[in-house]
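Structural overview for review
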Amino acid sequence: MLLEMIDVNKKFDDDTIIREVSLGVTAGQSVAVTGPSGSGKSTLMSIFGLLLQPSQGEVRFNGQPVSSLSDDERSRLRNRSFGFIFQNPQLIGSLSVLDNVLVPARLARRPNLDAAAKVTLESFGLGHRLKHLPHQLSIGQKRRVAIARALLLGPEVVFADEPTNDLDQELAGQIGEYLLSLPKSGSALVLVTHDHHLAAKADRTVRIDNGTIH
């Protein structure tokens, strides 16, 4: 198993958001997580992606427990092995499209990825937008920049939280199909979505309701 959580609980104050959840994903597999708003989907993804610590239970990557790692160690692991696509693209307003995509490479001190970033952006139809700032882009263009940024370092696991939200049907379909093609290259995909049509195309679909997996 590439990444798994075992008997995970997550509490915020007195509220239990995640309850005894066990879930795993293998290399080259896509897993879609569905459920109503407020059911714990984004919290589940944040724990799986080592952005949040579980209150109880364990997260393992390549069979090794990672919950006990220091903040710096978790950060290095995330940067090296994970790619994140959030509902909000979270682009840096003062940086160009190209520089936003290159942020993970600079954090990882991996030079000479400019050409790879340009190729990815061109494949997303953004070759003419490399020097534009985020405020000059549409929401669909921002989402594509965020995806290019997440994929730049060739992550082993890609996490996508409502990646087609707020997009028109055609663009949502294109982005959804692209993300679901990632496992063909060996990456695992964890997809949080309200789109049941998109979720049905994943290798596996789980539903979370009131913090519990069904």
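Here's what I pulled together on the structure shown here. (Residues numbered from 1 in each chain as written. Predicted model: local features only at pLDDT ≥ 70, side-chain atom pairs only at ≥ 80, totals over all residues. Heavy atoms only, no water.)

1. As for helix α7 (residues 169–181)
This is how the line gets drawn: Secondary structure is summarised from DSSP: a helix means a run of H or I of at least four residues, a strand means a run of E of at least two, and numbering begins at the N terminus for each. To estimate how far a helix should reach, multiply one less than its number of residues by 1.5 Å. Buried, partly exposed and exposed residues are distinguished by accessible area as a fraction of the type maximum, computed with a 1.4 Å probe on protein chains only: under 20%, between the cut-offs, and over 50%, respectively. By definition, the arc is the one covered by directions from the helix axis to the C-beta atoms. Throughout, a contact is declared for two residues whenever any of their heavy atoms are within 4.5 Å. Polar contact criterion, stated in full: a pair of N or O atoms within 3.5 Å, where within protein one must be able to donate a hydrogen and the other to accept it, and residues adjacent in sequence count only if both atoms are side-chain atoms.
The end-to-end C-alpha distance of α7, which contains 13 residues, comes to 18 Å, matching closely the 18 Å that a straight helix rising 1.5 Å per residue would cover. Those residues of α7 that sit buried are L171, A172, I175, G176, L179 and L180. An end-on view of α7 places all buried positions within 160 degrees of arc, on one side of the element. The secondary structure elements touched by the buried residues of α7 are β3 (30–34), β6 (82–85), α6 (139–151), β7 (157–161), β8 (188–192) and α8 (196–199). Backbone nitrogen of E170 and a side-chain oxygen of the N-cap are separated by 3.1 Å at the start of α7; the cap is D168.

2. Focus on the side chain of T164
If you trace the backbone, T164 turns up in the loop between β7 and α7. Relative accessible area serves as the criterion here: at 10%, T164 is assigned to the buried category. Not counting the four nearest positions on each side in its chain, T164 is found in contact with R143, A172, I175, G176, D195 and L198.

3. Quick look at the environment of H132
Note that H132 resides in the loop between α5 (114–123) and α6. As for H132 and S96, which are separated by 36 residues in sequence, their C-alpha atoms are 5.3 Å apart. Beyond its immediate sequence surroundings of up to four residues, H132 is in contact with L95, S96, V97 and L137.

4. What to know about the sheet that holds β7
Note the cut-off: Two strands pair under a simple rule: DSSP has to find at least two bridges between them. Helix axes are fitted to C-alpha atoms over the stretch in contact, other axes to C-alpha atoms as well, and angles between N-to-C directions run from 0 to 180 degrees.
One open sheet accounts for six strands, arranged β6-β7-β8-β3-β9-β10; its pairing is mixed. Among the strands making up the open sheet, the edge pair consists of β6 and β10 (212–213). The pairing of β7 with β8 spans five bridges and is classified as parallel. Across the sheet, A160 pairs through a bridge with L191, a residue of β8. Contacting β3, β6, β7, β8, β9 (204–209) and β10, helix α1 (residues 41–48) crosses the sheet at an angle of about 160 degrees to β7. Strands in contact with α7 are β3, β6, β7 and β8; relative to β8, the strand with the most contacts, it is inclined by about 145 degrees.

5. Re α5
Those residues of α5 that sit buried are A117, T120 and L121. The arc that holds the buried residues of α5, viewed along the axis, is 95 degrees, so those residues lie on one side. Along α5, the residues that are exposed and aim more than 90 degrees away from the buried face are A115, V119 and S123. Those residues of α5 that are buried are in contact with α3 (97–101) and α6. Two residues or fewer past α5, G125 is found with a positive phi of approximately 75 degrees.

6. With respect to the nonpolar core
Spelled out, the test is: Here, nonpolar core refers to any group of buried Ala, Val, Leu, Ile, Met, Phe, Trp, Tyr and Cys residues whose side-chain atoms link them within 4.5 Å.
In terms of nonpolar packing, the biggest core is built from 36 residues, with L121, V145, L152 and L179 touching the most fellow members. Among the elements of the structure, α3, α5, α6, β7, α7, β8 and α8 are those that each provide at least two residues to this core. For V145, the contacting residues outside a window of four places in its chain are L91, V97, N100, V101, L121, L126 and L137. Listed in part, the 28 residues of the second largest apolar core include V8, V21, L50 and V192.

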